[in-house]
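What the coordinates show
Single-letter residue listing:
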Amino acid sequence: MKLKTALLATALTSVAAAATAQEITVMSWGGAYTKSQVEAYHKPFTAETGIVVNSVDADNPATPIKAQVEAGNVSIDVADVEFSDAVRLCDEGLLEEMDLSMLPAAPDGTAAEDDFIEGALQDCAVGNIVWSTVMAYNTSNNPTAPDSIDDFFNTADFPGKRGLRKSAKATLEMALMGDGVAAADVYDLLETDEGVDRAFAVLDRIKDDIVWWEAGAQPPQLLADGEVVMSTAYNGRIFNAAVAEGQPLEVVWDGQILDFDLWVVPKGAPNAEAAMKFVAYSTDTQRLADQASWISYGPARKSSGAMVGLYSDGKTEMAPHMPTAAANLGNALVNNFEFWVDKDAELNERFNAWLAN
Amino acid sequence: MTASDTDTPQMLQTVDGKPLKQALIAAQARNKRRAFLLVLPLLVFILVTFVAPIGQLLLKSANNSGFVETEDFSTNIKTPIMTNLAQWFRDNPHGAEIDESAYAALAADMLVLKEERAAGQAGTRINYELSGSRSLFTKTARKANKLEPPYKEAIIDIDEDWDDPALWGVMRSASSEWTDSFYLAAVDRYRDANGDVQNVNENRQIYVKLFGRTLILSLLVTFFTFLLAYPVAHLLATLPLAKSNLLMIFVLLPFWTSLLVRTTSWMILLQSQGVVNDALVGMGLLGDDNRIQMMYNQTGTVIAMTHILLPFMILPLYSVMRPINPSYVRAARSLGATSWTAFRRIYFPQTVPGIAAGALLVFILAVGYYITPALVGGADGQLISNLIAFHMQKSLNWSLAAALAALLLGGILALYWVYDRLIGIDNLKLG
């Protein structure tokens, strides 16, 4: 009888222990990017709190969020989404609101609200990185190295195929900047019909020389294969191909388009409380700085900038590879998400029609 | 037999005295019930996993909830929105002047949008048809509690876009529970301020063109698979079994290989720095500067899809050709027919059921093909399914995706009906 009670008690305590060993599921974009988050956020978070982090990937985490919340069957606790998707999902009531007071202050005491880059804190989202769409080229098949965004649209002096993302977003802006429009005027011009016509006219110049890509992993591949001589790409992917894999790829920072990625918590997330803990932990100054040693995306906190050190190979200085480095911001455009949530449908329709002609 | 028997014939009865007819009916009904119970699990399975989800998605193509109600996804409580404006639209027909009462209704609805935090959702719905409306809604809802009569001036003061009659036309069609606007959008049309159907601006027309291209490319792929598969199937069917089984492996091996692997292999072969171009340049047939562009266009799509769908043509053809008795053709030859006549009049007609089956299979698969054109299609090799995927995954406009899918489904069913009338579905032989 005593033995039975003892056994029962052990069984009960082990059940209780299992219940406290919490888990959360974090969804991201895969590849080198997910790896950087696992190393900089997930592992230390589990070590500190005992909450296990399961990492899953999607082509665009916004799509499964919409599907899961609308179906009332949510399995994701935290997801990494693009700015315009964060705003749109929040609008549609698919995200939990963020309590911004949970975010820790910077080491020097600056409140989180002042420490994050402007725009990185939203009603339903907390920014983690600044990434950028840049122009990159293969040094081995460009006789003269291109050094400005104009060269991308100049096939007379720089012959060869170009890789471009099959999407109106970023493509139209780059086309205008490639036509000599200053970054500050791009969105004002795109608001007008003439501006859009002008952007498509610039694209017409190189239409026959374009190879379209869709997944972020494609452009480094296209460049390395020699299938294109220049391509637009996410700066982190080019950095990885160039530094980690030793490919002869180079980034042209002129005309780069900066964008945020943000953490969101879907409405009805199974472990919302632990998810919020994860969001607060992973966006503190140290964690954001740590992530930059795994991939060349800039931290969303100002205070993290000074703490960015070496790449995980132990010798490459990361600071010059950040899209937010002062030297790289000479002619840079910040993606205007308001413009895109408004114009997305119309411009993409026109873009698709232009493609099919 | 007695006379009375012939007047009122004695009903046949079972041993226990019931009329035979009733007993038979009862027995048959029992059997039917038993049979029905046996297929019931399958029926439920199909209803739950096939009919219900597809039906629900197709419903989205005509349902208009975004501008009518908002749902709290944590409690599943639905709150109606834009009710005042909907009432105003019911009271005032198309073409009525947008007067102060309309703006008053709008102002009242804006307050609800602000409280329910639904301005973005309502704006997104209108934004599908009229660019720029999303920010118009969010901006106006933010200031909703500061609105005072006269509402018309107050609202137009916030943004003069509210004065646009096209906007009121879109809001009218969006404020009823059911709409045809997604179907109109799926055929490059829209409804203007007066409720008349118009073509969208030429530089945005795309869907009709892609439906046409999907049809033509699918027919082309079907034709090419037929050309390639017929001799192969004939060879397989006429060789001794041991040899034909070995050759069959070569047909089935790619069939079992992943679709992605086969598509990517074609990319490696056909791209401009690929194996085929390298070989042609190496042999001196091509200059290094004018390599042939065989990938990222329609050519690439047709080549890759033809190869991938080939087994679906070979297998039905083979299964029809195998049992054809070779002595028929021999008899025709011995009666003086040339080999061409013997093939045309004797052999070919016997293989028609296989051709019909193969063509139908390949065509239907080709029409819905998505991954291969997405990978090798480039700009001009895209099919309608790529745009459906675009609206499912990128623009998140599921209603338009559902409308496009419904049109595709309807089109296929119509073609199937024509096919049945022309060839006859009972002429089809899959194996």
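Just so it is clear, the model here is predicted, and its values are computed rather than measured. Numbering of residues starts from 1 in each chain and follows the order in which that chain's sequence is written. All chains are assigned letters beginning at A, and all ligands numbers beginning at 1, according to the order in which they are written. Only residues with pLDDT of 70 or above have their local features reported here, since the model is predicted, and side-chain atom pairs are shown and tallied only from 80 upward, although totals for entire chains, interfaces and linings are computed over all residues.

1. Observations regarding the overall build of chain B
- Think of it this way: any DSSP run of H or I at least four residues long counts as a helix, any run of E at least two long counts as a strand, and we number them from the N terminus. Looking only at helices and strands, one finds 19 helices and four strands in chain B.
- In this treatment the radius of gyration is a C-alpha quantity, and the globule benchmark scales as 2.2 Å times the residue count to the 0.38 power. The C-alpha atoms of chain B give 32 Å as radius of gyration, which overshoots the globular expectation for 431 residues (22 Å, by more than 25%).
- For chain B, the spread of C-alpha atoms along the principal axes amounts to about 105 × 100 × 40 Å.
- Buried, partly exposed and exposed are defined by the number of other C-beta atoms within 10 Å of a residue's own C-beta, namely 20 or more, between the two limits, and 12 or fewer respectively, with C-beta atoms placed from the backbone. The buried share among the 431 residues of chain B stands at 33%.
- Long-range pairs, those at least 24 residues apart, make up 66% of the contacts in chain B between residues at least 6 apart in sequence. Contact criterion: two residues are in contact if their C-beta atoms, reconstructed from the backbone, are within 7 Å.

2. A look at the overall build of chain A
- Helices and strands together make up the secondary structure of chain A, namely 14 helices and eleven strands.
- Computed over its C-alpha atoms, the radius of gyration of chain A comes to 22 Å, within 12% of the 21 Å expected for a compact globule of 357 residues.

3. Here's the deal with helix α7 (residues 171-178) of chain A
Residues and elements named next belong to chain A.
- Of all eight residues in α7, eight are buried, a share of seventy percent or more.
- Taken as a whole, α7 has its buried residues at T171, L172, E173, M174, A175, L176, M177 and G178.
- Positive phi shows up at G180, right after α7, with a value of about 90°.

4. Examining the interface of chain B and chain A
- Facing 34 residues of chain B, the contacting portion of chain A comprises 31 residues.
- Every element with two or more residues in the side of chain B that touches chain A is listed here: β1 (69-72), α5 (119-127), α6 (133-142), α10 (207-238) and α18 (384-393) of chain B.
- Think of it as three bins: nonpolar holds Ala, Val, Leu, Ile, Met, Phe, Trp, Tyr, Cys and Pro, charged holds Asp, Glu, Lys and Arg, and polar takes everything else, Gly as well. Per-class residue counts for the side of chain B that touches chain A are eight nonpolar, 20 polar and six charged.

5. Regarding unusual backbone geometry
- P149(B) connects to P150(B) through a cis peptide bond whose omega is -5°.
- Position of P150(B) relative to the elements: it lies in the loop between α6 and α7 (151-158).
- The phi dihedral of A170(A) falls on the positive side, at around 75°, and the residue is not glycine.
- We note that D188(B) has phi near 60°; this positive angle belongs to a residue other than glycine.

6. Looking at the nonpolar core
- Ranked by internal contacts, the top residues of the largest apolar core, which has 165 residues, are A86(A), A136(A), V264(A) and L404(B).
- Broken down by element, the residue count for this core peaks at 13 residues, all from helix α14 (residues 298-321) of chain B.
- Ignoring anything within four residues of it in the chain, the contact list for L404(B) reads A186(B), Y207(B), I384(B), L387(B) and I388(B). A set of buried Ala, Val, Leu, Ile, Met, Phe, Trp, Tyr and Cys residues, joined through C-beta atoms within 7 Å, is what we mean by a nonpolar core.

7. A short note on the pairing of strand β8 (residues 230-234) of chain A
All names here are of chain A.
- With five of five residues buried, β8 lies mostly within the body of the structure.
- Burial along β8 is two-sided: M230, T232 and Y234 and S231 and A233, pointing in opposite directions, are all buried.
- Summarising the sheet, strand β5 (residues 125-138) and β8 pair through five bridges and their orientation is antiparallel. The partner of Y137 across the bridge, within β8, is M230.
- Pairing between strand β6 (residues 162-165) and β8: two bridges, direction parallel. When the bridges of β8 are listed, R162 appears paired with M230. Here a strand pair is declared whenever DSSP counts at least two bridges between the two strands.

8. A word on the packing of helix α2 (residues 20-60) of chain B against helix α19 (residues 398-422) of chain B
All names here are of chain B.
- Between α2 and α19, the shortest axis-to-axis distance is 7 Å and the interhelical angle comes to 115°. One finds that α2 runs roughly perpendicular with respect to α19. Of the two elements, α2 crosses α19, and the hand of that crossing is left-handed. Counting all contacts with α2, which are made through L57, L58 and K60, the residues of α19 involved are W398, S399, A402 and A406. Orientation is described by axes fitted as lines to C-alpha atoms, over the contacting stretch for helices, and by angles from 0 to 180 degrees between their N-to-C directions. We call two directions roughly parallel when the angle between them is under 35 degrees, roughly antiparallel when it is over 145, roughly perpendicular when it lies between 65 and 115, and oblique otherwise. Left-handed describes a crossing whose near helix is turned anticlockwise from the far helix by less than a right angle; the clockwise case is right-handed.

9. Details of the environment of E148(B)
- Inspection of the secondary structure puts E148(B) in the loop between α6 and α7.
- E148(B) gets classed as exposed once you count the C-beta atoms within 10 Å, which come to 9.

10. Quick notes on the pairing of β5(A)
Residues and elements named next belong to chain A.
- Counting buried positions along β5 gives 14 out of 14 residues, so the element sits mostly inside the fold.
- Looking at chain direction, strand β4 (residues 121-122) and β5 are connected through two bridges and run antiparallel. Paired with L121 across the bridge in β5 is V126.
- Here β4 folds back onto β5 in antiparallel fashion, the turn holding two residues.
- In the sheet, β5 pairs with strand β9 (residues 249-264) via eleven bridges, with the strands oriented antiparallel.

11. A look at the confidence of the model for chain B
Residues and elements named next belong to chain B.
- A residue's pLDDT is the predictor's confidence in that residue, given on a scale from 0 to 100. Per-residue confidence for chain B averages 87 on the pLDDT scale, and 97% of its residues sit at or above 70.
- Per-element averaging of pLDDT across chain B places helix α1 (residues 3-7) at the bottom with 48 and α10 at the top with 94.
- Within the model, the stretch residues 1-6 combines pLDDT values under 50 with two contacts to residues more than four positions away or in other chains.
- Here the complex is predicted with pTM 0.80, and the ipTM for its interfaces comes to 0.75.

12. Re the confidence of the model for chain A
Residue and element names in this part refer to chain A.
- Chain-level pLDDT for chain A is 88 on average; 94% of the residues reach the 70-or-more range.
- The least confident element of chain A is helix α1 (residues 2-20), whose mean pLDDT is 49; the most confident is α7, at 95.
- The model gives residues 10-19 a pLDDT under 50, and that stretch makes zero contacts with residues more than four places away or in other chains.

13. Some details on helix α4 (residues 100-116) of chain B
Residues and elements named next belong to chain B.
- What a helix should span is 1.5 Å times the count of its residues minus one. Here α4 spans 24 Å end to end across 17 residues, near enough to the 24 Å set by a 1.5 Å rise per residue.
- Within α4 the residues assigned to the buried category are A102, Y103, A105, L106, A107, D109, M110, V112 and L113.
- Close packing links the buried residues of α4 with α3 (83-91), α5, α6 and α7.
- Of the residues trailing α4, R117 is marked for its positive phi of about 50°.

14. Some points on the packing of α10(B) against helix α16 (residues 339-367) of chain B
All names here are of chain B.
- Where α10 contacts α16, the two axes come as close as 9 Å, and the packing angle between them is 140°. Classed by the angle they form, the pair α10 and α16 counts as oblique. Like other packed secondary-structure pairs, α10 and α16 cross with a definite hand, here right-handed. For the pair formed by α10 and α16, the contact residues are T214, S218, V221, T222, T225, F226 and A229 on the first element and I355, G358, A359, V362, F363, A366 and V367 on the second.

15. Section: the environment of L94(A)
- Considering the arrangement of structural elements, one finds L94(A) in the loop between α4 (83-91) and α5 (112-115).
- In the structure, L94(A) is positioned 70 residues away from I24(A) in sequence and 18 Å away in space, judged by C-alpha atoms.
- If near-sequence neighbours (up to four positions away) are discounted, L94(A) is found in contact with I65(A), K66(A), V69(A), L89(A), P266(A), K267(A) and F73(B).

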